[in-house]
Amino acid sequence: MKKIPIIDSHTGGEPTRVVLGGFPDLPHSTLAEKLAALREQHDQYRAAVCTEPRASEITVGALLLPPVKVGSVAAVIFFNNVGYLGMCGHGTIGVIATLRYLRRIQPGVHRLDTPVGTVACTLADDGMVTIENVPSYRHQQAVTVAVEGYGEVVGDVAWGGNWFFLVDANHLPFGRSDIPDLRNFARSIRDALGKQGITGQDGAAIDHIELFGTPSSANFDSRNFVLCPGGDYDRSPCGTGTSAKVACLADDAKLLEGQRWRQESIVGSCFEASYRRAANGIVPIISGRAYVCGEGSLLLDADDPFKFGIQ
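Residues numbered from 1 in each chain as written. Predicted model: local features only at pLDDT ≥ 70, side-chain atom pairs only at ≥ 80, totals over all residues. Heavy atoms only, no water.

Q: I'd like to hear about the pattern of salt bridges, residue by residue, with values.
A: For the structure shown, the criterion picks out twelve salt bridges. Where Arg17 meets Asp8, a salt bridge forms, and the shortest distance between an N and an O atom there is 2.9 Å. Asp8 shares its class with Arg17; the two are buried. Two residues, Glu132 and Arg276, come together in a salt bridge whose shortest N-O distance is 2.9 Å. Of this pair, Glu132 sits in strand 8 (residues 129–132) while Arg276 is found in strand 15 (residues 270–278), placing the two residues 144 residues apart along the sequence. (Salt bridge = Lys/Arg side-chain N within 4 Å of Asp/Glu carboxyl O. Buried < 20%, exposed > 50% of the residue type's maximum accessible area, 1.4 Å probe, protein only. Helix = DSSP H or I, 4+ residues; strand = E, 2+ residues; numbered from the N terminus.)

Q: Requested: an account of the packing of aromatic side chains, with residues and values cited.
A: Scanning all chains against the criterion turns up eight aromatic pairs. Geometrically, the ring pair formed by Phe23 and Tyr45 is tilted, given 5.3 Å between the ring centres and 50° between the ring planes. Here Phe23 is found in the loop between strand 2 (14–19) and helix 1 (31–41), whereas its partner Tyr45 is found in helix 2 (residues 43–50), with 22 residues between them in sequence. Considering the side-chain rings of Tyr45 and Phe308, the 5.4 Å spacing of their centres and the 65° angle between planes classify their relative orientation as edge-to-face. (Phe/Tyr/Trp six-rings, centres within 6.5 Å; stacked < 30°, edge-to-face > 60°.)

Q: Tell me about the nonpolar core, and please be specific about residues and values.
A: Counting residues in hydrophobic clusters, the biggest one holds 60 residues, and the most contacted among them are Phe78, Val95, Phe165, Ile189, Ile209, Leu211 and Phe225. The element best represented in this core is helix 4 (residues 179–195), accounting for seven residues. Contacts of Phe225, omitting those with residues within four sequence positions, involve Phe174, Ile179, Leu182, Arg183, Ala186, Ile209, Glu210, Leu211, Tyr233 and Ile266. The next biggest cluster of nonpolar side chains, apart from the first, holds 21 residues, and it includes Phe23, Leu35, Cys50 and Leu63. (Core = buried A, V, L, I, M, F, W, Y, C linked by side-chain atoms within 4.5 Å. Contact = heavy atoms within 4.5 Å.)

Q: Could you give me a rundown of helix 4, with the residues and numbers involved?
A: Between its terminal C-alpha atoms helix 4 stretches 24 Å, which fits the 24 Å expected from 17 residues at 1.5 Å a residue. All of the buried residues in helix 4 are Ile179, Leu182, Arg183, Phe185, Ala186, Ile189, Arg190, Ala192 and Leu193. Here the buried face of helix 4 lies against strand 9 (137–147), strand 10 (151–159), strand 11 (163–168), strand 12 (208–213) and strand 13 (222–227). Downstream of helix 4 by a residue or two, Gly197 has a phi angle that is positive, lying close to 70°. (Expected span 1.5 Å × (residues − 1).)

Here it is as structure tokens:
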């Protein structure tokens, strides 16, 4: 019976499952090499953590590793039910909350190594986490895609640690009861992008779709619905998606450096966002809160035909 110790948390309703051990050793120099080894040689462990019968489509896993850069508190590889993520905003907040719960860190600034870069994270005394994400940018503006059943849809292609197609959907009903319709719309957009060869930089697949609608109250600047790679939607406002949005707003001069943007999720949770300009582009600053909600071990029984999940 093999054990994988875990800590579960949620950030704005979106779960993060931090893996503390039980995975094969990844004795490689860089985090990119470690990710490649995990993906190519030990991918069944990802599936064991993030697919049924132990998890669902919304579970994001975070393999906690020793830091790879001097001054970092830890390194992390994010993954879900279908593959790996370069960066995960809500997951990073969840990792910091988990490190606090484990008493490995105290309030202050901590650096976390991710496959797309090192992220600075500030843990406040009250548990609020603020992350300075990787530099984000808009790759293409006002791209038109023909979507079966919906006609022409216009959106921006932007990078916030993952690739997004951002669509203004203010003309659509945007409440929790509308989630099935929003999900179908977003899935249709993603299918159309793939069929029509619309990609991120260097042909990268656009695996996140972000729709924007009217917020529930004047306390928020926008409300979003984010379709994740696994096919389900993000319960949080999505850290990388909010970063992509901030990059577009900055590019349009609709959000000034240091100005606050309050992004509401489809379930009503909120991230506060701003940005600073750096030599390498827009650096989004995202604040949110995670709550540890579970602790234990996943068990892999050698006789269990689904010990590595249902794929």
